[in-house]
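Geometric and topological summary
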Amino acid sequence: MPRLSFGAWVEDAVDWLQSNLTWIFDAIKTVLGGMYDGVNAVLGGGEPLLMAGIFAVIAFWLRGVVPAVLTFAGFALIDSLALWDEAMATLSLVVVAAVITIVIAVPTGIWAARNNRVSAALRPVLDVMQTMPAFVYLIPGVMFFGVGVTPGVIATIVFAMPPGVRMTELGIRQVDGELVEAAAAFGTTPKHTLTRVQLPLALPTIMAGINQVIMLALSMVVIGGMAGAGGLGEKVYAAITQLQVGLAAESGIAVVILAMYLDRMTGALNERVSPLGRRAAAKAAAGARRLKFTHYKPGTAVAMAGVVVLALVAGGLNIAGSGDSKADEAGSADVGQGQKINMGYIPWDEGIASTFLWKEILEQRGYETGVTQLDAGPLYSGVARGDIDFQTDAWLPTTHKDYWDKYSDRLEDLGSWYGPTSLELTVPSYVEGIDSLEDLKGQGKKFDGKIIGIEASAGMMGTLNEKVLKEYGLEGEYEVVSSSTSSMLAELNASIKKKEPVVVTLWSPHWAYGKHDLKKLEDPKGAWGKGEEVHTVAHKGFAKKAPAVAGWLKDFELTEKQLTSLENEIQNAGQGQEQDGVRTWLKKNPGLVDKLAPVPGGAGGTQQGKDAGKTVNMGYFPWDEAIASTYLWQNLLEDRGYRTTVKQLDPGPLYTGLAQGQLDVQFDAWLPTTHKDYWDKYGDRLEDLGSWYGPTSLELTVPSYVKGIDSLEDLKGQGEKFDGKIIGIESSAGMMGTLNEKVLKEYGLEGEYEVVSSSTSSMLAELNRSIKKKEPVVVTLWSPHWAYGKHDLKKLEDPKGAWGKGEQIHTVAKKGFAEDFPELTGWLKDFELSEAQLASLEVELQKGGAGKEKESARRWMDANPDVVEKLTPVGS
């Protein structure tokens, strides 16, 4: 028989579709992606235990008390396994896919039940859909839609569709024909016969089909994870490829909990929507003699009220906690400004190490990152499409030659960062007489005729099968077993424990050579080819999208010692803690971040601090010197490798947060007067790290065009000129208490003037408005303040000293701060700014405007290049 080129025809069809119908695929991707994002935002947006409560209320409504308790326990277990986000992502994918499938399957099943020709035509199509290996659906899915959620949803829809169609058709066909005839005899239209007779009676069967649709959809999570769909599928896939038994067990338990919940709930839903189901449920409840309360199910209105209340609470907590921006955790110099960079990697050690290294570096530089584990094929396809921005583990010119040949016109090679590498076959050192590839000939029985390989998609596997075996005459004698990198390493480890002979594919560098005593088999004929280079490959146009990152990647290099030590640190950190391993490694290699990702303009320190990686939670109230000093220190700390969060609060909540340990430090404590009340109340739970500016002064101020008012004494009898008002700031500020309780009394201004409490910004707005109109106004102000530089103002003299002596601005921290942050404590105790420095910093922040405080502080640091080393000296 001649060779039927069916596969080639499929390839041609796919190429044509890619070339001519891209706009349709993009539209589908946008719609499905939007649906998934919306559902995931709802399911994943609330507090886990409150969402678990919502699921429990639904279980209470559908099945009763015991299932509700078990539901809450199950979802609480998922949260305790730190898999909540992944579980909700998986549930979102299942919900979207199931809804779309049901919307298509049920009408199609009805059509097939009412038309025999349609039924006959659908049957072979459903057979193909149901029996085709599910992995096959991912190939066109990835090619048409790229990696991510969409191919997972598409594959799930196709795979889960058949039972929905078949069970709907079966249910309608099983309705007694005499009932249908009776309905017709009474003049019922075909439409009403369907909706009032056939569908109600067929509903139990249809619901069973819907249940199967949902179960099949959930069974696709692992396969979806292979295409970058995320969720529990990605965790299970990572566990499989890296042979992480613990992670596999945890992820599997989470999948089982979701499956049981969805199965029981969809099964019980029949009792709520089907007349026959409701009748059976009522009969069962009436017949229960013991533990009747376990059969109690709340009404729909009661259950709905419970869900709404919990949803509102969960949503409220989510909004309250949304103030912590990822940008607040950006590293030294916010170069990225929140730009999203998506990275992909093959689960090879140098790929994992370099990817998570760049994830950490980019986040320190202010980028938002996404990381997806994929096989080589989907990874290169995703980069070529632009779904993945770059990957750091392209072995060229040999191992990944096929992928480069296929996609190179849509890729950018950003250069090699490690090399030369080597590919090899390896045996344990105790295997005597096998030192070269030539020695393998005739020794097949010793190794059970097997060479343990890695992923079949890896280029080295093709080289091994097509060249190395032929070159050394090993064909027929040895079978190359395709598995995965983790499986190969597991087999190597098991054989070494038993002292059994084994030959595996391996490459250099690899941590296995440090863990085991191995022999690289010599290749005298050079069948493996020359050593390769490990390249960074990005999608076409990446250098324009992220020029700074592209520049860093082009200069990226690691030595063998650096790479192996990084890999070992990640191995020690364990699965799921790769970024923690990177941070530990970076602490041992200070200055490397600045070397690999230098900040434009020379900003940023050159060394990390001793406590780099720790998070410092800072708070401030919206006074200018507080804003300036806080964002200055945010930049300084991130330059030294610390992580930071910044929250704006009123003084009361701020001091309370410090006292309770919810915040670490604030830089604007005016002592001993302005913040005396707070210090008296919380001082035993705070640490005073010393003053960094002073003396300050509090004052009442008028514009210079207000004649005859130069002192607080001059205000007496002039109330009408100022409309009887002194424009104040926040009522919680200590200076407002001093003004009302002491200054007004001392100068006899009570009754004549009303102190208007507002806010600092409102006071400044009123001052600005009055100056524009040349109207008299008297406001509370303090020195230093940028308003004195912007406007021509007069500080009213205080001959009686009613305001008290000038104060100092202190840095105040929570109790135990010095123990938690010893290095930072030393820096803060020595922190000082001159009046000129503080004024220029405040002016820079004013120029930058609201929302740009961090960037403005960075510009000031650029103009004062010695400030980092002076304020945060790092010992050698």
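As the structure is a computational prediction, the values presented were derived from the model and not from experiment.

Glancing now at the pattern of salt bridges. The full count for this structure, using the stated rule, is 25 salt bridges. The salt bridge involving lysine 401 is made with aspartate 405; its shortest N-O contact spans 2.8 Å. Of this pair, lysine 401 and aspartate 405 both sit in helix 18 (residues 401–407), 4 residues apart, which is roughly one turn of the helix. For lysine 401, a relative accessible area of 42% puts it in the partly exposed group. For the salt bridge of glutamate 766 with arginine 769, the shortest nitrogen-to-oxygen distance reads 2.7 Å. Residue glutamate 766 and its partner arginine 769 are both found in helix 31 (residues 760–773); the two are separated by 3 residues, about one turn of the helix.

Turning next to unusual backbone geometry. Here leucine 671 and proline 672 are connected by a cis peptide whose omega angle stands at 15°. Summarising the element assignment, proline 672 is placed in the loop between strand 13 (665–671) and helix 29 (676–682). Following glycine 694, the chain continues to proline 695 via a peptide bond in cis, the omega torsion being -5°. Within the secondary structure layout, proline 695 lies in the loop between strand 14 (686–693) and strand 15 (697–703).

The next thing to look at is the pairing of strand 11 (residues 615–620). As judged from the 6 bridges shared by strand 11 and strand 12 (residues 643–648), these two strands associate in the parallel manner. Paired with threonine 615 across the two strands is arginine 643, which belongs to strand 12. Each parallel crossover has a hand, and for strand 11 linked through helix 27 (residues 624–639) to strand 12 it is right-handed.

Estimated volume of the second largest pocket: approximately 810 Å³. For the second largest pocket, the lining is made up of 34 residues, of which Leu43, Phe55, Ile58, Val95 and Tyr261 are closest to its centre. Elements with a minimum of two residues in the lining of the second largest pocket: helix 2 (22–45), helix 3 (48–62), helix 5 (84–114), helix 10 (190–219), helix 13 (245–273) and helix 15 (300–320). Ranked by the residues each element gives to the lining of the second largest pocket, the list is headed by helix 15, at 8 residues. When grouped by side-chain class, the residues that make up the lining of the second largest pocket number 28 nonpolar, 6 polar and no charged.

Here we take up the packing of aromatic side chains. According to the stated counting rule, one finds 25 aromatic pairs in the structure shown. Look at tryptophan 417 and phenylalanine 556: their rings are 5.0 Å apart centre to centre, the planes differ by 20°, and that puts the pair in the stacked class. With tryptophan 417 in strand 4 (residues 411–418) and phenylalanine 556 in the loop between helix 23 (547–554) and helix 24 (560–573), this residue pair connects regions lying 139 residues apart in the sequence. Of the two residues examined, tryptophan 417 and phenylalanine 556, each falls in the buried class. Seen from their ring centres, phenylalanine 621 and tryptophan 623 are 4.9 Å apart, and the 80° between their planes marks the pair as edge-to-face. Judged by relative accessible area, phenylalanine 621 falls into the buried class, the value being 1%. Take tryptophan 623: its relative accessible area is 3%, and that puts it in the buried class. Here the aromatic cluster, defined as three or more aromatic residues joined through ring pairs, consists of Trp633, Phe667, Trp692, Tyr693 and Phe831.

Turning to helix 19 (residues 459–471), a few remarks are in order. In this model helix 19 runs 17 Å from its N-terminal to its C-terminal C-alpha over 13 residues, within 8% of the 18 Å that 1.5 Å per residue would give. Among the residues of helix 19, Gly459, Met460, Met461, Thr463, Leu464, Val468 and Leu469 are the ones counted as buried. Its buried side turned inward, helix 19 meets strand 5 (422–428), strand 6 (450–452), strand 7 (479–481) and strand 8 (504–508).

The next thing to look at is empty space enclosed by the protein. Within this structure, the stated rule accounts for 4 cavities of 30 Å³ or more. In this structure, the largest cavity occupies an estimated 50 Å³ of space. If you go around the largest cavity, the residues you meet are Glu360, Gln364, Arg583, Leu586, Lys587, Gln608, Ala612, Gly613, Gly641 and Arg643. Of all the elements in the fold, those that place two or more residues in the lining of the largest cavity are helix 16 (349–364) and helix 25 (578–588). Among the elements that make up the lining of the largest cavity, the one with the highest residue count is helix 25 (3 residues). Partitioning the lining of the largest cavity into residue classes produces 2 nonpolar, 4 polar and 4 charged. Volume-wise, the second largest cavity comes out at about 40 Å³. Contributing elements (two or more residues each) for the lining of the second largest cavity: helix 5 and helix 11 (221–226). Residues that form the lining of the second largest cavity fall into these classes: 5 nonpolar, 4 polar and no charged.

Procedures and definitions
- Residues numbered from 1 in each chain as written.
- Predicted model: local features only at pLDDT ≥ 70, side-chain atom pairs only at ≥ 80, totals over all residues.
- Heavy atoms only, no water.
- Salt bridge = Lys/Arg side-chain N within 4 Å of Asp/Glu carboxyl O.
- Helix = DSSP H or I, 4+ residues; strand = E, 2+ residues; numbered from the N terminus.
- Buried < 20%, exposed > 50% of the residue type's maximum accessible area, 1.4 Å probe, protein only.
- Pairing = 2+ DSSP bridges.
- Right-handed = clockwise from strand over helix to strand, strands pointing away.
- 1 Å grid on protein atoms, 1.4 Å probe; cavity = no way out; pocket = protein on both sides within 12 Å on 5 of 7 lines; lining within 4 Å.
- Points joined across faces, edges and corners; volume = space filled by probe spheres on them.
- Nonpolar A, V, L, I, M, F, W, Y, C, P; charged D, E, K, R; others polar.
- Phe/Tyr/Trp six-rings, centres within 6.5 Å; stacked < 30°, edge-to-face > 60°.
- Expected span 1.5 Å × (residues − 1).
- Contact = heavy atoms within 4.5 Å.

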